[in-house]
Amino acid sequence: MARKSVLARLDAAVDDFCRRTRYFREDITRGRARMFALQHRLNTRHRNSVLKLKVATNCPDWDTRIGILRACSEEVIADHQHGGGRAHWEILEELGVRIGLSRAEMRAAQPIRTTRIAWAAWEGLMASRHWLEGVVANTCAERANVPGYGTGVMKRHGWFGLERHRWGKLFKLSGEELEFFELHEEADIAHSDAGWRAVERFAKQLHMEDATVAACEQNLSVWEMYLDGIGAAGDRCAAR
Ligand SMILES: [Fe+2]
């Protein structure tokens, strides 16, 4: 039997991540949603202003490098295409306000223990690895926003489609009020497709198929820890 293609192996890693991660499988609660807004605002800022830029720096392919910088700029500076000129973390801040967090609370938030461990792990997986492994690290979690992985609502609408669905039910928010998740279904499919296409092309060219798949699996394990850490911390805060 022919060996599976790199893309099929990468897709299998994303599918496994979507099926096994407790944060996706367990119900969302007010405590978990609040913790997600606090931590993910910090995480998106850190990844897109530090970690992904290291990957861009290491990347010798001009188009791929500029693609990374453009995506990071939409995340941390301004997204004119999908976000009306606001950065994604600013849109997440607006969502935080809608679920009862104050801006002061969000701005004072510190990364929890598991978020800090995730950043340290990603530093190792993104800053000082071959740039192609870094590109995989940049794109593998956004890939879960593309429909087709996992089961149920997630399979039909992607990770943020699932979040939009369950946050909407829990907080009685309209589609427009859940803009943060909706814009990612569009923006991340565009970011992720560019990344995924580049990965396929370069993995073959550089004979790095196995390293690429391993990088995808490792990065998604860090995402699993990051998200389950948010779940656990959200439960602790709610119990207090
Ligand atoms: Fe984003």
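Model, not experiment: these values are computed from the prediction. (Residues numbered from 1 in each chain as written. Predicted model: local features only at pLDDT ≥ 70, side-chain atom pairs only at ≥ 80, totals over all residues. Heavy atoms only, no water.)

> Hey, could you run me through the nonpolar core in this one?
The nonpolar side chains of soluble globular proteins are, as a tendency, buried together. Core analysis: the largest hydrophobic core is formed by 72 residues, its most contacted members being Phe36, Trp122, Trp159, Trp167 and Cys216. It is helix α12 (residues 209–239) that provides the largest number of residues to this core, a total of 10 residues. (Core = buried A, V, L, I, M, F, W, Y, C linked by side-chain atoms within 4.5 Å. Buried < 20%, exposed > 50% of the residue type's maximum accessible area, 1.4 Å probe, protein only. Helix = DSSP H or I, 4+ residues; strand = E, 2+ residues; numbered from the N terminus.)

> Teacher, can you tell me more about the packing of helix α8 (residues 131–139) against α12 here?
The description of two helices packed together rests on the angle between their axes and the distance between the axes. α12 packs onto α8 with a crossing angle of 40° between their chain directions and a minimal axis gap of 9 Å. Here α8 lies oblique to α12, going by the angle between them. Crossing angle aside, the handedness with which α8 passes α12 is right-handed. Contacts between α8 and α12 involve Leu132, Glu133, Val136 and Ala137 from the first element and Ala211, Thr212, Ala215, Cys216 and Asn219 from the second. (Axes fitted to C-alpha atoms, helices over the stretch in contact; angles between N-to-C directions. Parallel < 35°, antiparallel > 145°, perpendicular 65-115°, else oblique. Left-handed = near helix turned anticlockwise from the far one by under 90°. Contact = heavy atoms within 4.5 Å.)

> Which parts of the structure should I look at to understand the packing of aromatic side chains?
Each aromatic ring pair is summarised here by two numbers: the centre-to-centre distance and the angle between the ring planes. Scanning all chains against the criterion turns up 16 aromatic pairs. The interplanar angle of 45° and the centroid separation of 5.7 Å between the aromatic rings of Phe160 and Phe180 together place this pair among those described as tilted. Note that Phe160 is positioned in helix α10 (residues 159–171) and Phe180 in helix α11 (residues 179–205), a separation of 20 residues in sequence. A relative accessible area of 2% places Phe180 in the buried class. Across from the ring centre of Trp89, 4.5 Å away, lies the NZ or CZ of Arg45, which sits over that ring. Directly above the ring of Tyr23 sits Arg166, whose terminal nitrogen or CZ lies 5.5 Å from the centroid. (Phe/Tyr/Trp six-rings, centres within 6.5 Å; stacked < 30°, edge-to-face > 60°. Lys NZ or Arg CZ within 6 Å of the ring centre and 35° of its normal.)

> What is the right way to look at helix α5 (residues 88–98) in this model?
Given 3.6 residues to a turn, an α-helix orients residues that are three or four positions apart in the same direction. All of the buried residues along α5 are His88, Trp89, Ile91, Leu92, Glu93, Leu95 and Gly96. Immediately beyond the C-terminal end of α5, within one or two residues, lies Gly100, with a positive phi of roughly 100°.

> Explanation requested: the environment of Phe171 in the structure shown.
In this fold, Phe171 is placed in helix α10. Along the sequence, Phe171 and Leu51 sit 120 residues apart, while their C-alpha atoms lie 32 Å from each other.

> What's the story with the pattern of salt bridges in this structure? I'm lost.
Oppositely charged side chains may form a pair once their charged atoms are brought near each other. According to the stated counting rule, one finds 18 salt bridges in the structure shown. The salt bridge involving Arg41 is made with Glu93; its shortest N-O contact spans 2.7 Å. Residue Arg41 is located in helix α3 (residues 30–58), and its partner Glu93 is located in helix α5; the two are separated by 52 residues in the primary sequence. The class of Arg41 is buried, set by a relative accessible area of 3%. Of the charged contacts, one joins Arg129 and Glu133 as a salt bridge, the two residues approaching to 3.5 Å between their closest N and O atoms. When salt bridges that share partners are traced, they join Arg22, Glu26, Arg32 and Asp235 into one network. (Salt bridge = Lys/Arg side-chain N within 4 Å of Asp/Glu carboxyl O.)

> Would you mind showing me how to read the environment of Arg116 here?
Considering the arrangement of structural elements, one finds Arg116 in helix α7 (residues 113–126). On the basis of relative accessibility, which here comes to 45%, the residue Arg116 falls in the partly exposed class. Excluding residues within four positions of it along the chain, Arg116 makes contact with Gln110 and Pro111.

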